[in-house]
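Inside the fold
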Amino acid sequence: MSSFLPSRRTGIVRAFRPVRVKAAVRAAGLALGLALVALPVAAQNIETAGKQAIIMDFDTGTVLLEKNADELMPPASMSKLMTAYAVFKRLEEGKLQLTDELPVSEEAWRKGGSKMFVELNSRVKVEDLLRGVIIQSGNDACIVLAEGLAGSEEAFADRITELAREIGLERSVFRNATGWPDPEHLMTARELALLARRLILDFPQHYHYYAEKEFTYNGIKQGNRNPLLYSMPGADGLKTGHTEASGYGLTASVKRGDRRLILVVNGLPSMNSRAQETARLMDWAFREFDNYKLFSAGETVEQAEVWHGEQPRVPLVATKEIKATLARTARKDMVVSVTYDGPIATPVKKGDPIAMLRVTAPGGVSSEFPLVAGADVEKLGVFGRMMATARSLVFGQN
């Protein structure tokens, strides 16, 4: 009998609508779920005064603009997103309640910088502390939460660094709960964007705090420092930052219709430039790019050839809705292809990851999505395999 010799098979078609492409197979080690593998910029024809910057589509993860996005930088108060993420996680686990009250230590009370103005030796509800962190950027509120959750701010910093690794932030290091200047307290713009995306995805029930424009505590009313909340329709988060070392920064999220974009900019020279530059970049990204639906969840994209199977082909199915983020001018030149190593060895189990759908467009955009088997395909018996091999040798058929 002849040996099984899989080969790379790829089919390509130009389209921006659901298409059936002549496929070929790359199966080993494909991850399940809707995952964007490559995230380059499609039409990076805009400059920014920020030292570090990134704009990411929330749904697809596609990066629309980046500048020094993987450069470690002091995130200042933007790292408070990680403090809030840890608190939200504890709430979700049922280990903490919004109505729980935490004590205010002298260390928290004395902390400088932006403050919620908690009183020494008082007890403050967790929900008020969260608003103090998110809306007022209170360093004192951060420390009260850190001490309440981990015993000390130092121990809390170690825990959120570990938590960062768990959610895919490979380079971020936290030395405190506030973003207070420390040479080892560092993040990248890309990881801040990924953190913002995870925060919205993982804790939608708590995300509403980021859209609140003011909060009054202890008789003191303070406004949210996020300038886009006051100037841009659809803006609903997230966090500003500023120190001498970091300059002025903003991690922002804006939703228009069914599209959401996440922006991170750092190293701007002033509050005014932060407000103007972030609004300009967001408007550009919404204007120049759009999302295009290719396939619905569960839809068959193509049929892959099967080796010695009871059926000659197996459907390749999208695990989730597949969208591509493209520059509007590149839509007509989009290329969709499916690749796999085949024919596929049997048996095949429904849900096995066996192919990859790739979307490319002018300007360097490349997005990849896994496709899985849409049905079981059992292996032929001995006699059936012999007949199939004979047909292959004589007629070149699988």
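Here the structure is shown first, and the text comes after it.
Here goes a summary of the coordinates provided.

What counts and how
- Residue numbering note: each chain is counted from 1, following its sequence as written.
- Only residues with pLDDT of at least 70 are given local features in this predicted model, and only at 80 or more are side-chain atom pairs given and counted; all residues enter the totals for whole chains, interfaces and linings.
- By convention in this description, side-chain values take in all heavy atoms of the structure and omit both hydrogens and water.
- In this analysis an axis means a line fitted to C-alpha atoms, helices contributing only their contacting stretch, and an angle means the value between N-to-C directions, from 0 to 180 degrees.
- To qualify as a helix, a DSSP run of H or I must reach at least 4 residues; to qualify as a strand, a run of E must reach at least 2; elements of each kind are numbered from the N terminus.
- Any angle from 65 to 115 degrees is called roughly perpendicular, while one under 35 is roughly parallel, one over 145 is roughly antiparallel, and all others are oblique.
- Here a crossing is taken to be left-handed if its near helix is turned anticlockwise relative to the far helix by less than a right angle, and right-handed if that turn runs clockwise.
- By definition, residues are in contact when any of their heavy atoms lie within 4.5 Å.
- Asp, Glu, Lys and Arg are counted as charged, while Ala, Val, Leu, Ile, Met, Phe, Trp, Tyr, Cys and Pro are counted as nonpolar; the rest, among them Gly, fall into the polar class.
- When DSSP finds at least two bridges between two strands, those strands are taken to pair.
- N or O atoms closer than or at 3.5 Å make up a polar contact, with two conditions inside protein: a donor-capable atom paired with an acceptor-capable one, and, for residues adjacent in sequence, both atoms drawn from side chains.
- Only buried residues count toward a nonpolar core, which is a set of Ala, Val, Leu, Ile, Met, Phe, Trp, Tyr and Cys residues joined through side-chain atoms within 4.5 Å.
- Each residue's exposure class comes from its accessible area (1.4 Å probe, protein chains only) as a fraction of the maximum for that residue type: buried when under 20%, exposed when over 50%, partly exposed otherwise.
- Buriedness for pockets is judged along seven lines, at least five of which must meet protein on both sides within 12 Å for an open set on the 1 Å grid over protein atoms alone, while cavities are sets there where a 1.4 Å probe fits but cannot get out, and lining residues have an atom within 4 Å of a point.
- Grid points are joined across faces, edges and corners, and a volume is the space filled by probe spheres set on the points.
- The salt bridge criterion pairs a side-chain nitrogen of Lys or Arg with a carboxyl oxygen of Asp or Glu, the two atoms within 4 Å.
- To estimate how far a helix should reach, multiply one less than its number of residues by 1.5 Å.
- Working definition: the arc comes from the directions between the helix axis and the C-beta atoms, pointing outward to the latter.

With respect to the packing of helix α1 (residues 80–92) against helix α6 (residues 189–202)
- Where α1 meets α6, the closest approach of the two axes is 11 Å, and the angle between their N-to-C directions is 25°. What the angle tells us is that α1 and α6 run roughly parallel. Like other packed secondary-structure pairs, α1 and α6 cross with a definite hand, here left-handed. Within the contact between the two elements, α1 uses Leu 81, Met 82, Tyr 85, Phe 88 and Glu 92 and α6 uses Leu 192, Leu 195, Arg 198, Leu 199 and Asp 202.
- Within the contact of α1 with α6, the residues separate by chemical class into seven nonpolar, no polar and three charged.

Things to note about the sheet that holds strand β8 (residues 235–243)
- The strand order across the open sheet formed by five strands is β3-β2-β10-β9-β8, and the pairing between neighbours is antiparallel. Each edge of the sheet is formed by a strand with only one pairing partner; in this case those strands are β3 (63–67) and β8. Across this sheet, the average inter-strand angle for adjacent strands is 5°, counted without regard to direction.
- Of the strand pairs in this sheet, strand β2 (residues 52–57) and strand β10 (residues 259–268) are connected by six bridges, and their pairing is antiparallel. Each bridged residue has a counterpart across the sheet, and for Ile 55 the counterpart in β10 is Leu 263.
- Across the sheet, α6 lies against β2, β3, β8, β9 (247–256) and β10, angled at about 35° from β2, the strand it touches most.

Things to note about the side chain of Arg 259
- Note that Arg 259 resides in strand β10.
- Side-chain polar atoms of Arg 259 contact the backbone oxygen of Phe 289, separated by 2.7 Å.
- The residues touching Arg 259, leaving out its near neighbours within four places in the chain, are Asp 57, Leu 64, Val 254, Ala 285, Phe 286, Phe 289, Asp 290, Asn 291 and Arg 328.

A word on the nonpolar core
- Met 82, Phe 88, Leu 129 and Tyr 210 are the most contacted members of the largest nonpolar core, which has 61 residues in total.
- Those elements that place two or more of their residues in this core are β2, α1, α3 (126–134), α4 (139–150), α5 (153–166), α6, β6 (214–217) and β10.
- Tyr 210 has contacts with Leu 81, Ala 84, Phe 88, Ile 134, Leu 199, Asn 224, Leu 229, Asp 236, Gly 237 and Leu 238, leaving out every residue within four places of it along the chain.

A short note on the layout of surface pockets
- In this structure, the largest pocket encloses a volume near 290 Å³.
- Lining of the largest pocket is provided by 20 residues; of these, Ser 77, Ser 114, Ser 137, Gly 241 and His 242 occupy positions nearest its centre.
- Counting residues per element, the ones that place at least two in the lining of the largest pocket are β8 and α8 (271–288).
- Tallying contributions element by element places β8 first for the lining of the largest pocket, with five residues.
- Here the lining of the largest pocket is composed, by residue class, of five nonpolar, 11 polar and four charged.

A word on the pattern of salt bridges
- A full pass over the atoms with the stated rule returns 22 salt bridges.
- Residue Arg 175 pairs with Glu 184 through a salt bridge whose shortest N-O separation is 2.8 Å.
- The class of Arg 175 is partly exposed, set by a relative accessible area of 36%.
- When its relative accessible area of 46% is taken as the criterion, Glu 184 is described as partly exposed.
- For Arg 358, the salt bridge goes to Glu 368, with nearest N and O atoms at 2.4 Å. With a gap of 10 residues between them, Arg 358 in strand β17 (residues 353–361) and Glu 368 in strand β18 (residues 365–373) connect regions that are remote in the sequence.
- Using a relative accessible area of 30% as the deciding quantity, one classes Arg 358 as partly exposed.
- The class for Glu 368 is buried, based on a relative accessible area of 11%.

Details of α6
- If you check α6, its first and last C-alpha atoms are 20 Å apart, about what 14 residues at 1.5 Å a residue would give, namely 20 Å.
- Along α6, the residues classified as buried are Ala 189, Arg 190, Glu 191, Leu 192, Ala 193, Leu 195, Ala 196, Leu 199 and Ile 200.
- Residues of α6 that are buried sit in contact with β2, β3, α1, β8, β9 and β10.

Topic: α5
- Taking 1.5 Å as the rise per residue, α5 with 14 residues should run 20 Å; its terminal C-alpha atoms sit 20 Å apart, in good agreement.
- Within α5, the full set of buried residues consists of Glu 153, Phe 156, Ala 157, Ile 160, Thr 161, Leu 163 and Ala 164. Along the long axis of α5, the arc covered by the buried residues comes to 160°, so they all point the same way. Exposed and facing more than 90 degrees away from the buried side of α5 are Glu 154, Glu 162 and Glu 166.

Regarding the side chain of Lys 323
- Mapped onto the elements, Lys 323 comes out in strand β14 (residues 322–327).
- Residues in contact with Lys 323, not counting those within four places in the same chain, are Asp 59, Thr 60, Asn 291, Tyr 292, Lys 293 and Phe 369.

Some remarks on the packing of α3 against α4
- Put simply, α3 and α4 touch, their axes get as near as 8 Å, and they point 135° apart. In terms of axis orientation, α3 runs oblique to α4. Taken as a pair, α3 and α4 cross one another with a handedness that is left-handed. Side by side, α3 and α4 meet where Val 126, Leu 129, Leu 130, Gly 132 and Val 133 of the first sit next to Ala 141, Cys 142, Val 144 and Leu 145 of the second.

Describing unusual backbone geometry
- The step from Gly 237 to Leu 238 runs through a cis peptide bond, and the omega angle for that step is 15°.
- If you trace the backbone, Leu 238 turns up in strand β8.
- Cis geometry marks the peptide bond from Thr 346 to Pro 347, where omega comes out at 0°.
- Note that Pro 347 resides in the loop between β16 (344–345) and β17.

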